[in-house]
Amino acid sequence: MSDAQGQGRQPEAVKTVDDDTDRQPMSTLDAWVRSMAHPEPASLGRLPAHSPTCAGCGSENPAGLALVVDATEDGVRAVHRFDRRQEGAPGIAHGGLVAAAFDDLFGFLLYRVGELAVTRSLTVEYLRPVLLGTDYEFTAKVRTREGRRLHVDASAVETDGRRVATADATFIIVDVDHFEQGRATTLP
Ligand SMILES: CCCCCCCCCCCCCC(=O)SCCNC(=O)CCNC(=O)[C@H](O)C(C)(C)COP(=O)(O)OP(=O)(O)OC[C@H]1O[C@@H](n2cnc3c(N)ncnc32)[C@H](O)[C@@H]1OP(=O)(O)O
């Protein structure tokens, strides 16, 4: 297993990685792109965040969901509890943030597939209100792959087994160069 696989790949560490002692330290983007350049399918267990500041799973994003995701036999799984930062109607999670949880969870399937891909379309069915302060089990799996298209499915389930939401999405496989577009960002 290469260090790009499973728990061996640690994007959290990329901010401090120096390419070579004779050169300037790599930028965060350069280091991230390099860490993602040759994905290989991950084994079971805890998966690394997409980046430390990812809004879905980064532990350093104070506005993020901080999803913690495991690879399973079928796909991926996370248990998540929404809080006040994700509130829509009082006491109920905002639908956009529930969609964000699904979108990010789908992004973890890429570790299973060993491909880089991005969301092209995402559909969510809101079956019941998703309550703040309640644990939900989110699971996702790849349904089919057609050329560059990955069709993926997910659901969120209460502890009593009732489904509160389902989602399906199409991800399009991209080359690592796709992420170079982030270089145009003007934020400090
Ligand atoms: C392993 C490591 C994991 C690391 C994870 C990485 C980070 C992930 C972070 C995760 C964070 C969470 C996730 C995020 O937040 S991802 C961020 C949100 N998503 C984006 O920013 C994507 C923006 N869109 C694009 O950049 C382009 O549109 C892309 C690259 C997607 C395609 O533009 P491109 O010009 O390249 O291709 P194309 O337009 O010719 O189309 C390509 C193919 O797709 C087919 N098609 C099109 N639409 C649909 C549709 N609706 N249903 C079914 N099929 C559809 C189309 O017919 C064609 O098929 P074919 O003719 O080839 O057969």
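Refer to the preceding data block for the structure.
What you see as residue numbers is a count from 1 along each chain, following the sequence as written. Thresholds applied to this predicted model are a pLDDT of at least 70 for local features of residues and 80 or more for the giving and counting of side-chain atom pairs; totals over whole chains, interfaces and linings are not thresholded and use all residues. Side-chain metrics in this entry use all non-hydrogen atoms of the structure; hydrogen atoms and water are not considered.

(A) Broad picture of the overall build of the chain. Helix and strand counts for the chain come out as two helices and seven strands. Here a strand is any run of E in DSSP of at least two residues, a helix any run of H or I of at least four, and the numbering for each starts at the N terminus. The order of helices and strands in the chain, counted from the N terminus, is α-β-β-β-α-β-β-β-β. For the chain, the residues scored as buried account for 41% of the 188 residues in total. Sequence-distant contacts, at least 24 apart, represent 65% of the contacts inside the chain between residues at least 6 apart. Here the accessible surface of atoms and residues is derived via Shrake-Rupley with a 1.4 Å probe, and residues count as covered only by protein chains that are part of the display. Looking at the chain as shown, the accessible area adds up to about 10300 Å², and 50% of this sits on carbon and sulfur atoms. A 1.4 Å probe rolled over the protein chains alone gives each residue an accessible area, and that area as a share of the maximum for its type sets the label: buried under 20%, exposed over 50%, partly exposed in between. By definition, residues are in contact when any of their heavy atoms lie within 4.5 Å.

(B) Representation of the sheet that holds strand S2 (residues 69-71). Two strands are said to pair when DSSP picks up at least two bridges between them. Pairing within the open sheet is antiparallel, and its seven strands lie in the order S1-S2-S3-S5-S6-S7-S4. Edge positions in the sheet fall to strand S1 (45-46) and strand S4 (117-126), since each has one partner strand and no second. Sheet topology note: the strand S5 (residues 135-146)/strand S6 (residues 149-157) ladder contains nine bridges and is antiparallel. Its bridge partner being in S6, Glu146 is matched across the sheet by Arg149.

(C) Region of interest: the nonpolar core. Counting 47 residues, the largest nonpolar core has Phe82, Phe102 and Phe106 as its most contacted members. The set of elements that each furnish at least two residues to this core consists of helix H1 (28-36), S2, strand S3 (76-81), helix H2 (95-113), S4, S5, S6 and strand S7 (163-173). Here this core takes 10 residues from H2, the largest share from any one element. For Phe102, the residues in contact, after removing those within four places along its chain, are Val124, Phe138, Ala154, Ser155, Ala156, Ala165, Thr166 and Ala167. The criterion is simple. A nonpolar core is a set of buried Ala, Val, Leu, Ile, Met, Phe, Trp, Tyr and Cys residues joined through side-chain atoms within 4.5 Å.

(D) Structural context of the pattern of salt bridges. The rule for a salt bridge is simple: a side-chain nitrogen of Lys or Arg has to be within 4 Å of a carboxyl oxygen of Asp or Glu. Inspection of every chain in the model, using the stated rule, returns 12 salt bridges. Two residues, Arg145 and Glu115, come together in a salt bridge whose shortest N-O distance is 2.8 Å. On the criterion of sequence distance, the pair formed by Arg145 in strand S5 and Glu115 in the loop between H2 and S4 is long-range, its members being 30 residues apart. Judged by relative accessible area, Glu115 falls into the partly exposed class, the value being 23%. Measuring nitrogen to oxygen at the nearest pair gives 3.6 Å for the salt bridge that ties Arg162 to Glu158. On the basis of relative accessible area, Arg162 is assigned to the partly exposed category, the value being 38%.

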